Amino acid sequence: MKFLLKNKLSLLVTKLVLILIPLGLVSCANDSKEKAWQNINEESSFQIYRRQSLIGEETYKIISDQEKIIVTSLQGENERGRVSGTISELYLTNTLEPLFYSSKRVRGEQSQPIFIFNGKSESVTFTEKNFDSVTVKKPELFFPVHSNISAAAEMMLYHYFLEKGKPKTIQTFPRGEVSVTFSKQDEVVVNGKKEMLDRYVVTGINWGGRTIWLNQQGDLVALVKANTQIREMVRKGYEDALQTFIDGNVEEQIKQLVAYTKETKTETAPLTALVGADIVTGLSEDVMKDMTLIYQGKKIIDIGKRNQVVIPSHAKTINLEGKTLIPGLWDMHAHSNQVQWAPAYLAAGVTTIRDNGNEVEFATAFRDAVAGGLVGPDILLAGMTDGAGKRGNGVIRARSPEEARSVAQMYHSKGYKQIKIYSSMDPDIAKILIDEAKKLGLTITGHIPTKMPSIRAGIEMGMNHLSHHSIFLKILYPDREPSSLKRPYLVDNEFTQEDLASATEFLLEHNVALEPTVALDVARTMEWGAKIEELEPDAYRIAYELWESKRLRSGLSPEATEKGIKNYKIAMDIIGHFHRAGIPIIAGTDNVVPVFSLWLELESFHKLAKMSALDTIRAATIVPAQLMGMDKLTGTLEVGKEADIAILDKNPLDKIENLRSVSAVITNGNYYQSKPLFKAADFKPTR
């Protein structure tokens with residue numbers, strides 16, 4: 001498949017050559033360093049993988065003469081049926097000084113600028129989507145970089161880095177700085193020949209960092225990046241070394257988690273007493289005042305009134321007067337594709353996450369590292385599995401009975417708790433996968449496959465948990481094919497009270513838990529031009545590398561926004577009804593704004609579904625613990641249970657927004673202050 005028309009690239013290069021001189025982008029320098037970049041005419045490509053599944057290609061061309069270098073690229077993707085592309089243009093002098101950079105998103109015949117940069121003799125001017133142009137004094141070292149930078153342009157960044165003597169940092173526009181740190185050499189086999197590649201860790205482009213490999217000429221060979229999903233980009237000819245790149249990135253990620261642990265972890269006392277706080281146990285709406293809680297190792301060994309509990313003389317005592325203790329929170333729909341999630345989640349009071357689809361190598365290494373004592377919440381794994389076709393998600397597919405059984409056995413052997421069914425799986429194959437998984441003691445979560453004749457048929461097949469109200473509320477329309485109901489279908493299609501009662505009875509009968517992920521809809525229905533902190537007040541704290549994709553969303557028209565808001569309010573009315581009927585409702589985010597959107601999800605439960613403050617907290621504590629078979633270990637604050645505790649400045653039963661006042665967290669016997677954890681995870685104010 002050719003992802004967009006390749007001949008557009010050649011036409012684009014010709015056009016750029018014709019307009020370059022009128023723009024004044026010409027350098028007259030001609031020293032020996034420049035000669036290496038004269039008379040280049042190179043064409044190649046990078047293969048693009050998402051969760052190790054090939055989804056696209058970036059073709060690029062570099063041409064140069066005695067005065068200039070022009071780098072153009074065309075990136076095309078078919079990501080689960082969503083076809084998109086990016087055209088980028090980079091002009092450099094022969095000493096690799098950036099002169100111009102443009103990145104445009106392409107959909108059909110339309111293109112939209114993402115980022116434009118112009119370098120002049122004394123200043124630089126840049127414009128990013130949704131912002132006015134900015135002109136600043138030109139720094140000594142700089143390069144135009146944004147989170148969606150093309151592989152070809154990024155390759156030139158590394159040539160610039162090498163040319164400038166490997167500086168510690170390089171200032172970037174529109175914001176921030178890049179650091180490139182050598183790690184080690186890796187041997188790969190290319191066309192039957194061994195080749196040594198230099199591995200580097202790069203920070204400042206995506207949240208946390210990316211792992212890259214350069215050949216001995218300084219050309220980019222591969223990169224693995226995350227933000228909120230893992231992608232691999234591999235130069236044509238190096239595809240057979242993909243596993244080396246995947247494993248190398250995992251190795252570098254765990255090194256970073258070790259560094260976070262050293263930065264944030266304090267010495268653990270064998271016995272610790274938390275004195276003077278109020279306690280919300282999660283068992284009732286009663287607030288236990290002026291209490292002492294003692295934990296030894298991971299276990300709570302005593303809870304009582306401060307004046308009645310005897311604290312052993314050798315215990316470490318922490319005064320928490322004015323604070324409120326609640327059970328540590330759960331996020332039941334995480335995609336923790338990089339280790340930055342670990343300290344960030346803890347900083348938000350989250351002590352357990354269910355990862356709903358991730359690359360197996362990284363997911364298992366991350367889980368095991370935290371279980372082995374590194375900083376982070378407990379990680380439960382739900383293994384993503386999809387069916388055949390371009391709309392499939394990830395590399396792990398069940399396309400035959402044999403593959404279905406093999407997938408179930410693989411996930412079981414690696415200690416997964418669940419299998420996540422995705423949308424493209426054939427219903428007959430899904431049934432085989434579910435039956436095999438349940439024989440092995442695994443439960444099932446995820447999406448009802450789109451080929452299912454009804455939502456009820458998917459539930460009857462054996463699914464235990466359902467994700468996204470936009471999918472599972474189609475159960476209210478028993479006479480409609482699920483695929484015929486398009487968002488926002490609750491506004492456009494009426495259902496009766498009899499339909500609601502029937503759906504409620506069916507869900508109760510089949511013991512199905514629901515995970516609405518309403519925070520997704522709150523963000524997706526924002527009007528064009530609105531900033532997400534208008535709804536998610538902590539969004540401004542995110543790392544600057546997430547700025548473009550998380551804070552600045554495309555937005556909708558006023559009419560579409562109004563309709564979307566009405567739709568999710570109807571949905572949450574229904575969720576409230578299900579909750580009051582006894583159907584388990586659990587909190588999960590599917591990312592949105594990393595970490596902070598768990599608070600938004602819970603606030604939406606309380607305000608829109610009319611769940612009590614206690615029941616809202618329980619949807620992120622004991623209810624998921626029960627569903628995952630861990631309620632005897634955690635989920636409430638009781639003697640004998642694990643000391644998974646969020647420490648708040650304010651009582652969330654008074655006001656649900658008080659969940660945001662997390663000041664510290666305890667998990668796996670360790671006490672962490674929130675502020676340093678957020679710092680470790682690269683969350684920082686960007687205003």
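If you're wondering where the values come from, they're calculated on a predicted model, not measured in any experiment. (Residues numbered from 1 in each chain as written. Predicted model: local features only at pLDDT ≥ 70, side-chain atom pairs only at ≥ 80, totals over all residues. Heavy atoms only, no water.)

S.K.: Is there a simple way to explain the overall build of the protein chain in this structure?
M.R.: On a plain count of helices and strands, the protein chain comes out with 19 helices and 30 strands. In summary, the protein chain has a C-alpha radius of gyration of 27 Å against a globular reference of 26 Å for 687 residues, a match within 12%. With the principal axes as the frame, the protein chain shows a C-alpha extent of 80 × 65 × 50 Å. Sequence-distant contacts, at least 24 apart, represent 63% of the contacts inside the protein chain between residues at least 6 apart. (Helix = DSSP H or I, 4+ residues; strand = E, 2+ residues; numbered from the N terminus. Rg over C-alpha atoms; globule rule 2.2 N^0.38 Å. Contact = heavy atoms within 4.5 Å.)

S.K.: What exactly am I supposed to notice about helix α16 (residues 596–608) here?
M.R.: One turn of an α-helix holds 3.6 residues; hence residues three or four places apart share an orientation. Its 13 residues place the ends of α16 18 Å apart at the C-alpha level, agreeing with the 18 Å of an ideal helix rising 1.5 Å per residue. Among the 13 residues of α16, 11 are classified as buried, and the element is accordingly described as predominantly covered. Along α16, the residues that are buried comprise F596, S597, L598, W599, L600, E601, L602, E603, S604, F605 and L608. Just downstream of α16 lies K610, where phi reads positive at about 60°. (Expected span 1.5 Å × (residues − 1). Buried < 20%, exposed > 50% of the residue type's maximum accessible area, 1.4 Å probe, protein only.)

S.K.: Any chance you could explain the packing of aromatic side chains here in plain terms?
M.R.: Two measures describe an aromatic ring pair: the distance that separates the ring centres and the angle between the ring planes. Taken as a whole, this structure holds 22 aromatic pairs when the rule is applied. Judged by centre distance (4.5 Å) and plane angle (50°), the ring pair of Y411 and Y416 falls under tilted. Geometrically, the ring pair formed by Y477 and Y489 is edge-to-face, given 5.9 Å between the ring centres and 80° between the ring planes. Remark: Y489 occurs in helix α11 (residues 489–492) and Y477 occurs in the loop between α10 (469–472) and α11; sequence separation between them is 12 residues. An identical accessibility class is assigned to Y477 and Y489; each is buried. In this structure an aromatic cluster arises from ring pairing among W207, W341, Y345, F596, W599, F678 and F683. Positioned above the aromatic ring of F506, the side-chain terminus of R456 is 4.9 Å from the ring centre. Between R541 and the ring centre of F678, over which it is positioned, the NZ or CZ distance is 4.5 Å. (Phe/Tyr/Trp six-rings, centres within 6.5 Å; stacked < 30°, edge-to-face > 60°. Lys NZ or Arg CZ within 6 Å of the ring centre and 35° of its normal.)

S.K.: Please explain the pattern of salt bridges as it appears in this structure.
M.R.: Once the charged atoms of two side chains with opposite charge are near each other, the side chains can pair. In the structure shown here, the tally under the stated rule is 28 salt bridges. D278 is the partner of K289 in a salt bridge, and the nearest nitrogen-oxygen pair spans 3.4 Å. Residue K289 is found in strand β17 (residues 288–296), and its partner D278 is found in strand β16 (residues 271–279); the two are separated by 11 residues along the sequence. Classification of K289 by relative accessible area gives partly exposed; the value is 45%. A residue is classified by how much of its surface remains accessible, and D278, at 17% relative accessible area, is buried. Between K641 and E638 there is a salt bridge, with the nearest N and O atoms lying 3.2 Å from each other. What you see here is one network of salt bridges that share partners, running through K184, D186, R199, E251, E252 and K255. (Salt bridge = Lys/Arg side-chain N within 4 Å of Asp/Glu carboxyl O.)

S.K.: Would you mind going over the confidence of the model for the protein chain with me for this structure?
M.R.: The predicted structure's coordinates, where accompanied by low pLDDT, should not be read in detail. Averaged over all residues, the pLDDT of the protein chain is 92; the fraction at 70 or higher stands at 94%. Predicted confidence is poor over residues 1–32, with pLDDT under 50, and the contacts of this stretch with residues over four places away or in other chains come to 55 contacts. (pLDDT = per-residue confidence, 0-100.)

S.K.: What's the story with the packing of helix α12 (residues 497–509) against helix α15 (residues 558–581) in this structure? I'm lost.
M.R.: Each packed pair of helices is defined by two parameters, the angle between the axes and the distance between the axes. Relative to each other, α12 and α15 sit at 50°, their axes nearing to 11 Å. In terms of orientation, α12 lies oblique with respect to α15. As α12 runs across α15, the sense of the crossing is right-handed. Residues L500, T504, L507 and L508 of α12 pack against I574, H577, F578 and A581 of α15. (Axes fitted to C-alpha atoms, helices over the stretch in contact; angles between N-to-C directions. Parallel < 35°, antiparallel > 145°, perpendicular 65-115°, else oblique. Left-handed = near helix turned anticlockwise from the far one by under 90°.)

S.K.: Looking at this model, I keep getting lost on the packing of helix α7 (residues 401–413) against helix α8 (residues 427–439). Mind explaining?
M.R.: Between α7 and α8, the least distance of the axes is 8 Å, while the angle of their chain directions is 35°. α8 is crossed by α7, and the crossing has right-handed handedness. Counting all contacts with α7, which are made through P401, A404, R405, V407, A408 and Q409, the residues of α8 involved are I429, I432, L433, E436 and A437.

S.K.: Could you clarify how one ought to interpret the pairing of strand β3 (residues 68–79) in this entry?
M.R.: For a regular strand, side-chain orientation follows a simple rule: the groups alternate between the two sheet faces. Counted residue by residue, β3 has 12 buried out of 12 residues, so it is predominantly covered. Burial of the side chains of β3 extends over both faces: K68, I70, T72, L74, G76 and N78 are buried on one face and I69, V71, S73, Q75, E77 and E79 on the other. Here strand β2 (residues 53–64) pairs with β3 via nine bridges, running antiparallel. Each bridged residue has a counterpart across the sheet, and for I62 the counterpart in β3 is V71. Count of turn residues in the β2/β3 antiparallel hairpin: three residues. Of the strand pairs in this sheet, β3 and strand β4 (residues 82–93) are connected by 12 bridges, and their pairing is antiparallel. Looking at the pairing, E77 lines up with S84 of β4. If you look at the hairpin formed by β3 and β4, you'll find two residues sitting between the two strands, and R80 has a positive phi there, around 55°. (Pairing = 2+ DSSP bridges.)

S.K.: Explanation requested: the environment of T135 in the structure shown.
M.R.: With respect to the element layout, T135 can be found in strand β8 (residues 134–137). Sequence separation between T135 and L490 is 355 residues; the distance between their C-alpha atoms is 47 Å. In contact with T135, not counting residues within four places along its chain, are S123, V124 and T125. For T135, the side chain forms a polar contact with the side chain of T125, separated by 2.8 Å. (Polar contact = N/O pair within 3.5 Å; in protein donor to acceptor, adjacent residues only side chain to side chain.)

S.K.: Would you take a moment to explain the environment of T261 for this structure?
M.R.: Summarising the element assignment, T261 is placed in helix α4 (residues 242–264). Sequence separation between T261 and V375 is 114 residues; the distance between their C-alpha atoms is 5.1 Å.

S.K.: Help me understand α12, please; the structure alone is not making it clear to me.
M.R.: Under the 1.5 Å per step criterion, the end-to-end length of α12 is 18 Å for 13 residues, consistent within 8% with the ideal 18 Å. Buried residues of α12: L500, A503, T504, F506 and L507, and no others. For α12, the angular spread of buried residues about the axis comes to 165°, placing them on one side. Of the exposed residues in α12, the ones pointing more than 90 degrees away from its buried face are Q497, E498, E505 and E509. For α12, the secondary structure elements touched by its buried residues are α9 (455–460), β27 (513–515) and α15. (Arc of directions from axis to C-beta.)

S.K.: I keep staring at the sheet that holds strand β23 (residues 378–385) and nothing clicks. Help me out?
M.R.: Two modes of strand pairing occur in sheets, parallel and antiparallel, and in both the strands are linked by backbone hydrogen bonds. If you trace the five strands from one edge of the open sheet to the other, you get β21-β22-β23-β24-β25, paired in parallel fashion. A strand with exactly one partner marks an edge of an open sheet, and here the two such strands are β21 (329–334) and β25 (443–446). Averaged over all adjacent pairs, the angle separating strand axes in this sheet is 30°, with direction ignored. Strand direction decides the pairing type here: strand β24 (residues 418–421) and β25, joined by four bridges, are parallel. Note on β25: the bridge partner recorded for I421 is G446.

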